[in-house]
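# Close look at the chain arrangement
Spelled out from the first residue to the last, the chains are:
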Amino acid sequence: MRDEVMNEDVAREDGSGLRFWRGLDELAPGADSSAALDEFADGASEWDDSLGRRRFLQLMGASAALAGLSGCLSGPPDPIVPYVDQPEQVVPGKPLFFATAVPIRGYAEPVLVESHTGRPTKIEGNPAHPASRGATSAQAQAALLDLYDPDRSQTVRFRGGIATWQQFVEAMQAQRARWAATGGAGLRLLTGPVTSPTLAAQLASLLQQFPAARWHVPDPAAPGPAVAVEPRYHFDRARVVLTLDAEVITGQPGSVRYARDLVSRRRVRKGQTAMSRIYAAESTPTLTGALADERLRLRPSEIGPFAEAVAARLGAGEWPAALSPKAQDWAVTVAADLRANRGAAVVVAGETLVPEWHVLVRRLNEALGAIGQTVDYGAPVAVQPPGNGTDLAALVREMTAGRVDTLVMLGVNPVYTAPADLPFAEALGRVETTVHLGSHLDETGFRSVWHVPAAHALETWSDARAYDGTVTLIQPLIAPLYDGRSAHEVLAVLTDGTPTPGYDLVRGFWQRELADRTDFDSFWRQTLRKGFLAGTAASASATTSAESSSVYGRSASSPPGRSMLRPYAGLQPLTSNSEPATLELILRPDPTIGTGEWANNGWLQETPKPLTKLTWDNAALISPSTAKTLGVENEDVVELRYRGQTVEAPVWVLAGQPEGCVTCHLGYGRARAGRAGTGAGFDAYRLRFVDAPWGGPGLEIRKTGKTYALAATNEQWRMHGRDLARSAPISAFIENPDFAHEGEMMELPTLYPGYEYDGYKWGMAIDLTACTGCNACVVACVAENNIPVVGKEEVRRGRHMYWLRIDRYYKGDASDPEEVLHQPVFCQHCENAPCELVCPVNATVHDSEGLNVMIYNRCMGTRYCSNNCPYKVRRFNFLQYTDYDRNDVSALRHNPDVTVRTRGVMEKCTYCVQRISHARIEAKKENRTIRDGEVVTACQGVCPTDAIVFGDMNDRASRVNQLKTEPHNYGLLAELGTRPRTTYLAQITNPNPALRTVQRSAPDEAS
């Protein structure tokens, strides 16, 4: 952003009469979006060896982008069960699928894992599991890369030196003798959220054996006191949804299922006259807010009063004393819509809200008749530690006072994630025996007396509950690469004094729990094949909001959080850039790497963040008008001072950010993450405090005069103002179903003869209404197709290799866009492909089924095809991103069905041609044609909302053909005559006309 930002419509109109833009520079006075930028970054075509080959290969190795020979590996020694009905066997070239789960924040994300001759190579969703219905998150897809991370901890360590597992066992046996004499006084355990029934039983047994011991569960993603009940939503039953600072699309234990349910009532087809409506009141832009039909940007301190105002209109509370006029109008209008849909409406409270506001939201749902319909409240899925187990400060006080002699930390990194006012690292040095179980020798493991390498979820036996409570079994697909251990095995040593295999622990627990089963062996095998125990979902609770509120020490009848209504009363106004400005700090988990647990995952680091499109870094996010007032712009480094703590961070101007607020994402600034994550970004945990885990007022910001280069992809591959993103409200769609084609130019004539496809004719349709921009498809494409990670500097130069990108468009002004649209873009597989005409060596050609395919050993790197592609979806392998001389564990993750490319060739989407070939072979063996839905591309298979549909266009009854007959189906740049096989259903929204008047008339409020 330079100089000023215009709050006016720009460049090009779509069918609804409004306009889209992608970058803030398009809104600058006099900007011409049709020539805003070249399609590639400056210098993208030039050779640059500034990285140095040694550093470059280190980065590639950490990202598992190196190729090499891979032999057959032995599987785990215990019996495991594939997700098939035929007898178990391994056929070279034919994969097996195993049902298991990837624990994320302690909750199970159910998956099927593809295994080639003992090597896990791809993760898919489990279609039978109620928590996913076959989809996955981007993080679950990327879990495969962590398995083959060469930076993983590889040996037991004692005081910094190499030790053995047996030495650790003997040391713990000696400790047990001490604990027996004192009842475990001085023993403390620190874990993440525990949903595993087996692990919970082990912890309970340990605490029973040593009653003076204590168990603590600090969760950096959801800090705060334990809750009595937690909600589970049924968005597929809701006609109206109101979210209050809640991100339900991604990052939550139930996000995969929630995204599917939210979108299920928003698919619009010809003749349909109704769809659900989503309202979002939030303090920083999220994917939930982007999906919403109406979004209200508020400061964090204004979320609670807004909820109070809605409650007051519904007769469930008092009208707040402090609320802006715009928020008041919103509360009145939203409350009326909620009331009109009583029984089919729901209000969602975000995890960052204080407990009192959660009580108020439950009271709202009671008033709306939502409980038992669109939301259920039940006991928490995660096991709650006794006493003050969530209070990390209490543990630090005990450690500092010398009352802790043994601290066992299982899968956590508190030295990095502890708030700034908790000297955890210093207190850790006062503990005589510290034990750390972790996948990496991270900040905590490095400071611990004992460090035990943790086994990956694909290497170990365990169990965990999904967000809805469904028990999901975790079975290994491969023997531990580094002799890692699970939390079960470490706890077994602490409890019994003897090492016990994880298989015996997990199976033994369920054999005791299900002792009434007459044939447990058969039941166990069938359950492993299915992946979960049916009928184990958590039940709803009968408690009321008044009863549940007692856990917070507040009567439900008293106004919640009155003390929180005045945070802004003493704030100074924004000042010039020569003086510090007083703002409000907002801390949130990063949308790709979470709270730091995924920091060394190259796939996620290089995945553009959904809204900022940043890679490899975090930044201080501010609104356009706040940036103008402070005199800062993108990549300016500022000093952030909060409660005496100071960090420096680059600025990134983000549309839709509330005025007077700065959002910083956690998870970066790691000191010991690995080659991909160490040193990336800045550490926002230094601004986190025990009593303000998500930030608060009083942030000061100063310009430093320095700049810091950020790698963002939103300015790359710009479409020069072409009409690509199309959207309209449902009222306009009902009036004119063909709105997406209004103003569309006539297709150019062609001299080339058409081609009749006698067999299959593959194509794809993407519903933009259903796309949430969650990035699951992006990471799935990388995993399936052996796509390399290139690193930050290469991304900055426009050399991003990912075959699939998600363009993010805004509609409206920069400060408060009224609409956000996500559009996945990859090779369109044009019938009349411009790339094919200019290739001098016929490296890119059409096949007999309509696919535009690449013949890598013909390609000589002229890049004529890329220049001639109007969609800018071809990626050139500028550098040697693979190294065939290296043969280590990082090469084992490659899909053997897909070529690993070398330098100097052009790459692009292939419609997962390897999956088409596999289906064709199976169909020929059975003397039949490929059935509709039998070929599922990688991006389609993981999509939580089923926004992507692939199939045979020669099959008139196929799903893809049904979508292509919809009136709002359109092709990108169809007027060029390229006849793309990939088409899009224009986005349909359901705005509230009354609120649109409020939004346009209300001026932005200065802080």
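Basis of the calculations
- Residues numbered from 1 in each chain as written.
- Predicted model: local features only at pLDDT ≥ 70, side-chain atom pairs only at ≥ 80, totals over all residues.
- Heavy atoms only, no water.
- pLDDT = per-residue confidence, 0-100.
- Contact = heavy atoms within 4.5 Å.
- Helix = DSSP H or I, 4+ residues; strand = E, 2+ residues; numbered from the N terminus.
- Buried < 20%, exposed > 50% of the residue type's maximum accessible area, 1.4 Å probe, protein only.
- Pairing = 2+ DSSP bridges.
- Axes fitted to C-alpha atoms, helices over the stretch in contact; angles between N-to-C directions.
- Phe/Tyr/Trp six-rings, centres within 6.5 Å; stacked < 30°, edge-to-face > 60°.
- Salt bridge = Lys/Arg side-chain N within 4 Å of Asp/Glu carboxyl O.

## Here we look at the confidence of the model for the chain
- Looking at the chain as a whole, the pLDDT averages 85, with 85% of positions reaching at least 70.
- Across residues 1–18, where pLDDT falls below 50, the model places 53 contacts with residues more than four positions away in sequence or in other chains.
- Throughout residues 549–579 the model reports pLDDT below 50, and contacts reaching past four residues in sequence, or to other chains, amount to 66 contacts.

## Focus: the environment of Val838
- Tracing the sequence through the fold places Val838 in helix H23 (residues 834–838).
- Overall, the relative accessible area of 29% leaves Val838 in the partly exposed class.
- With 24 residues separating them in the primary sequence, Val838 and Thr862 have C-alpha atoms 9.8 Å apart.
- The contacts of Val838, once residues within four sequence positions are left out, are Tyr864, Cys865 and Asn868.

## Some remarks on the pairing of strand S17 (residues 450–453)
- Burial of the side chains of S17 extends over both faces: Trp450 and Val452 are buried on one face and His451 and Pro453 on the other.
- Pairing between strand S5 (residues 157–158) and S17: two bridges, direction antiparallel. Considered in S17, the bridge of Phe158 is made with Trp450.

## What to know about the environment of Leu611
- Within the secondary structure, Leu611 is located in the loop between helix H18 (602–606) and strand S21 (614–615).
- Apart from the residues within four sequence positions on either side, Leu611 is in contact with Pro285, Thr286, Leu287, Ala290, Leu654, Arg808, Tyr810, Val820 and His822.

## Some words on the sheet that holds S5
- In space, the seven strands of this open sheet follow the order S6-S5-S17-S16-S15-S7-S8, with mixed pairing throughout. A single partner strand is all that each edge strand has here, and the edge strands are strand S6 (161–162) and strand S8 (214–216).
- Note that strand S7 (residues 187–191) and strand S15 (residues 406–410) share five bridges and pair parallel. In the strand pairing of S15, Leu189 is matched with Val408.
- Those strands touched by helix H10 (residues 392–400) are S7, S8 and S15, and its axis lies near 145 degrees from that of S7.
- Sitting on the sheet, helix H14 (residues 487–496) is in contact with S7, S15 and strand S16 (433–438), with an inclination near 160 degrees to S15.

## With respect to the packing of aromatic side chains
- Taken as a whole and judged by the stated rule, the model has 24 aromatic pairs.
- An angle of 85 degrees between the planes, with centres 5.3 Å apart, marks the rings of Phe235 and Tyr258 as edge-to-face. Of this pair, Phe235 sits in the loop between strand S9 (230–233) and strand S10 (240–244) while Tyr258 sits in helix H5 (residues 255–264), and the two are 23 residues apart along the sequence.
- In this structure Phe235 comes out as buried when scored by relative accessible area, which is 1%.
- The class of Tyr258 is buried, set by a relative accessible area of 7%.

## Describing the pattern of salt bridges
- Applying the stated rule across the entire model yields 44 salt bridges.
- Between Arg277 and Asp337 there is a salt bridge, with the nearest N and O atoms lying 2.9 Å from each other. You can see Arg277 sitting in strand S11 (residues 277–282) and its partner Asp337 sitting in helix H8 (residues 325–340), a full 60 residues away along the chain.
- You can call Arg277 buried: its relative accessible area is 14%.
- By relative accessible area, Asp337 is classed as buried at 11%.
- Measuring nitrogen to oxygen at the nearest pair gives 2.9 Å for the salt bridge that ties Arg805 to Asp807. In terms of burial, Arg805 and Asp807 fall into one category: buried.
- Beyond isolated ion pairs, a larger network of salt bridges with shared partners links Lys122, Glu124, Glu784 and Arg915.

## Re H5
- Extensive coverage of H5 is indicated by the burial of eight of its ten residues.
- Every buried residue belonging to H5 is among Ser255, Val256, Arg257, Tyr258, Ala259, Asp261, Leu262 and Val263, and all of these are buried.
- Lining the buried residues of H5 we find strand S3 (107–116), S9, S10, S11 and helix H6 (287–291).

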